[in-house]
Amino acid sequence: MNWEQLLSLKRQGDTNKRLRKEQDDTRLGFEVDYDRIIFSSAFRSLQDKTQVIPLSKTDFVHNRLTHSLEVSVVGRSIGRLVGKQVIEKHPYLKESGYHMNDFGAIVAAAALAHDIGNPPFGHSGEKAIGEYFKTGNGLQYKDKLTDKEWQDLIDFEGNANGFSVLATSREGIEGSLRISYATLGAFMKYPKESLPKKPTFRICDKKYGFFQQDKASFSDVAKELGMISNKTGNDIGFERHPLAYLVEAADDICYTIIDFEDGINLGLIQEEFALEYLIKLVKNGIDTKKYNQLTTKEDRISYLRALAIGSLISDAVKVFMENEEAILKGEFPYSLMDKSQYIAQMNDIIQISVKNVYQCREVVQKEVVGYKIINTLLDKFCTAYHNKIGGKASNYDTIILKLLPERFLHQKEKVYDQLLHICHFVSLLTDGKALEMYNIIEGNRN
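Criteria and thresholds
Residues numbered from 1 in each chain as written. Predicted model: local features only at pLDDT ≥ 70, side-chain atom pairs only at ≥ 80, totals over all residues. Heavy atoms only, no water. Helix = DSSP H or I, 4+ residues; strand = E, 2+ residues; numbered from the N terminus. Rg over C-alpha atoms; globule rule 2.2 N^0.38 Å. Buried < 20%, exposed > 50% of the residue type's maximum accessible area, 1.4 Å probe, protein only. Contact = heavy atoms within 4.5 Å. Areas by Shrake-Rupley, 256 points an atom, 1.4 Å probe, with all protein chains shown as cover. Lys, Arg positive; Asp, Glu negative; His and termini not counted. Charge placed at Lys NZ, Arg CZ, Asp CG, Glu CD. Axes fitted to C-alpha atoms, helices over the stretch in contact; angles between N-to-C directions. Parallel < 35°, antiparallel > 145°, perpendicular 65-115°, else oblique. Left-handed = near helix turned anticlockwise from the far one by under 90°. Nonpolar A, V, L, I, M, F, W, Y, C, P; charged D, E, K, R; others polar. Phe/Tyr/Trp six-rings, centres within 6.5 Å; stacked < 30°, edge-to-face > 60°. Lys NZ or Arg CZ within 6 Å of the ring centre and 35° of its normal. Core = buried A, V, L, I, M, F, W, Y, C linked by side-chain atoms within 4.5 Å.

**Student:** How should I be thinking about the overall build of the protein chain in this particular structure?
**Tutor:** Looking only at helices and strands, one finds 21 helices and zero strands in the protein chain. For the protein chain, the C-alpha radius of gyration of 22 Å lies close to 22 Å, the compact-globule estimate for 446 residues. By principal-axis analysis of the C-alpha atoms, the protein chain measures approximately 70 × 55 × 40 Å. The burial tally for the protein chain puts 54% of its 446 residues in the buried class. In the protein chain, once contacts between residues fewer than 6 apart in sequence are set aside, the share between residues at least 24 apart is 73%. Put simply, the protein chain shows about 19600 Å² of open surface, and 48% of that area lies on carbon and sulfur atoms. Both charge centroids of the protein chain, one from 58 positive and one from 61 negative side chains, sit 2 Å from each other.

Put into structure tokens, the structure is as follows:
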């Protein structure tokens, strides 16, 4: 892979080539990506989607929107630091008009969107959609789908759904948000289809990154960027865009440190653990006198968190640049943080967060509620939509479909497209809206 091709400014539907030298630096294309994501309704809905604590009303606990903003900020820093060194190493990029800030802008935009396809109720929401088809009433549709279409549904993936949000055309809207291909490439952490499932230990094969309906547009992006194909036959998959490693690192850093911080602020993790677990990350930068002058738990944790994130950013940049040549050749099968000097400390922090936060009673109880809500919504809407298209809609089906927004009323011919259409609708609901619709359907509304 080569950097100039990887930094393509092309957007879906372009007929002319976009050259970096011709860009207006006051309104750079990569920065336009960021703006379009910020103003999208899918991004806005993240303000009421679970990060760790479902349906939490606690003001200092992160939701998907605050998490995404923080990952974007960290990603921008990593991107700029990497960009500075990459341009120094490859001076032809500067001659073509590229700046270190271009790297930061691409990573920031991709990181901003990294959770845009996640359903309500966090990762349990993904599992709930998948299990509706795998073991629930959705199992009845299996014989009407190809193996890969079926795998898309039973392994419903927020990353693939995110690509649909950013890039799938719909009536009158070509290319959805029309994000630059460089940003889409950085967004694509798992550039493969749902089958074969986890065929290797390589990080790019851990999950999948596009639905069957998006195969053509996904492949077009990968080929335009010069990403390396790593599948044979009818299977489609690619080695990662190098900047996808930076987006992933930013996410890994934020959820490791900030979920830990949330757990302490919620009282689920003792404050004493903060210094014990973070000290190896911050020992080279901590000002002991300043730390001892901080009088509140929140201020002390905030100070340690900032230092820890700074240490991990520097380390992520170091790992990337040490392996840049291997990454460009498609020969780096790990995440950056897997090779971090702090991997043991990060794993310790994640383990205590899993034990004390992710598996706490409040989280488990609300995940159970989330499963019930998503199962009910999928069942009612899939049944009604499928019956309508088949000419068998009952009066109840007709009433149920009136709850759908206008753009989800367009009929799809294939059963797979019908089902994915409804999954997409449910996935874009906020936690609160999903609960509200569930209560309406179940007759629980006051």
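**Student:** Explain the packing of helix 12 (residues 242-265) against helix 17 (residues 343-358) here, please?
**Tutor:** Relative placement of two packed helices is described by the angle separating their axes and the distance separating the axes. Put simply, helix 12 and helix 17 touch, their axes get as near as 9 Å, and they point 45° apart. Viewed along their axes, helix 12 and helix 17 adopt a mutual orientation that is oblique. Pair helix 12 / helix 17 crosses with left-handed handedness. Taking contact as the criterion, the partners of Asp252, Tyr255, Thr256, Ile257, Asp259, Phe260 and Gly263 in helix 12 are, on helix 17, Met346, Ile349, Ile350, Ile352, Ser353, Val357 and Tyr358. Classifying every residue of the contact of helix 12 with helix 17 gives nine nonpolar, three polar and two charged.

**Student:** Looking at this model, I keep getting lost on the packing of aromatic side chains. Mind explaining?
**Tutor:** Both the distance between ring centres and the angle between the ring planes are used here to describe each pair of aromatic rings. Here the structure, examined in full by the defined rule, presents 15 aromatic pairs. Measuring from centroid to centroid gives 5.3 Å for Phe381 and Phe425, while their planes differ by 80°, and the two rings are edge-to-face. Remark: Phe425 occurs in helix 20 (residues 415-427) and Phe381 occurs in helix 18 (residues 361-389); sequence separation between them is 44 residues. Three or more aromatic residues joined by ring pairs make a cluster, and in this case those are Trp3, Phe103 and Phe320. A cation sits over an aromatic face here: Lys339 above Tyr334, 4.1 Å from the ring centre.

**Student:** What's the story with the packing of helix 4 (residues 64-89) against helix 6 (residues 100-112) in this structure? I'm lost.
**Tutor:** For the pair helix 4 and helix 6, interaxial distance at closest approach is 6 Å and the crossing angle is 155°. It follows that helix 4 is roughly antiparallel to helix 6 by the angle criterion. Handedness of the helix 4/helix 6 crossing: right-handed. Of the residues in helix 6, those touching helix 4 at Ser68, Leu69, Val71, Ser72, Gly75, Arg76, Gly79, Arg80, Gly83, Lys84, Val86 and Ile87 are Met100, Asn101, Phe103, Gly104, Val107, Ala108, Ala111 and Leu112. Of the residues belonging to the contact of helix 4 with helix 6, the class tally is 10 nonpolar, seven polar and three charged.

**Student:** Could you clarify how one ought to interpret the nonpolar core in this entry?
**Tutor:** Here is a general trend for soluble globular proteins: nonpolar side chains tend to be buried in one another's company. Judged by nonpolar contacts, the single largest core of 130 residues is most densely connected at Trp3, Ile37, Ile78, Phe133 and Leu336. Beyond its immediate stretch of four places on either side in the chain, Phe133 contacts Gly138, Leu139, Tyr141, Trp150, Leu153, Ile154, Cys382, Leu419 and Cys423.

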